[in-house]
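A structural walkthrough
Chain by chain, the residues run as shown.
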Amino acid sequence: MKQFLATGWDAANCDAKNGHREIWYGSRCLLVAAELGLIGAAEAVGRMGAELLWLRGAVER
């Protein structure tokens, strides 16, 4: 997880038309990282794909 976070991955840098799997799994990794306390909830939400912001509730619990 730490290696993934070190890449600076951000859904905004993905192709929204063809990269839906990358956006889904990358955003899910950010969610898990926030749950583990490796990054803050605001950072996770800011880097997640907009179409996945419904997951925000899980991050902000």
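Being a predicted model, the structure only gives us computed values, none of them experimental. (Residues numbered from 1 in each chain as written. Predicted model: local features only at pLDDT ≥ 70, side-chain atom pairs only at ≥ 80, totals over all residues. Heavy atoms only, no water.)

1. Re the confidence of the model for the chain
Interpretation of this model should avoid reading the predicted coordinates in detail wherever pLDDT is low. Mean pLDDT for the chain: 85, with 82% of residues reaching 70 or above. The secondary structure element of the chain with the lowest average pLDDT is helix 4 (residues 56-59), at 57, and the one with the highest is helix 1 (residues 2-6), at 95. (pLDDT = per-residue confidence, 0-100. Helix = DSSP H or I, 4+ residues; strand = E, 2+ residues; numbered from the N terminus.)

2. Some remarks on the environment of glycine 49
Relative to the helices and strands, glycine 49 is located in the loop between helix 3 (41-47) and helix 4. Taking the C-alpha atoms as reference, glycine 49 lies 7.9 Å from aspartate 10; in sequence the two are 39 residues apart. Here glycine 49 is in contact with Ala11, Ile23 and Ser27, once residues within four sequence places are set aside. (Contact = heavy atoms within 4.5 Å.)

3. A closer look at the packing of aromatic side chains
Counted according to the given criterion, the structure contains one aromatic pair. Judged by centre distance (5.9 Å) and plane angle (35°), the rings of phenylalanine 4 and tryptophan 9 are tilted. Across the pair, tryptophan 9 and phenylalanine 4 agree in class, each one buried. (Phe/Tyr/Trp six-rings, centres within 6.5 Å; stacked < 30°, edge-to-face > 60°. Buried < 20%, exposed > 50% of the residue type's maximum accessible area, 1.4 Å probe, protein only.)

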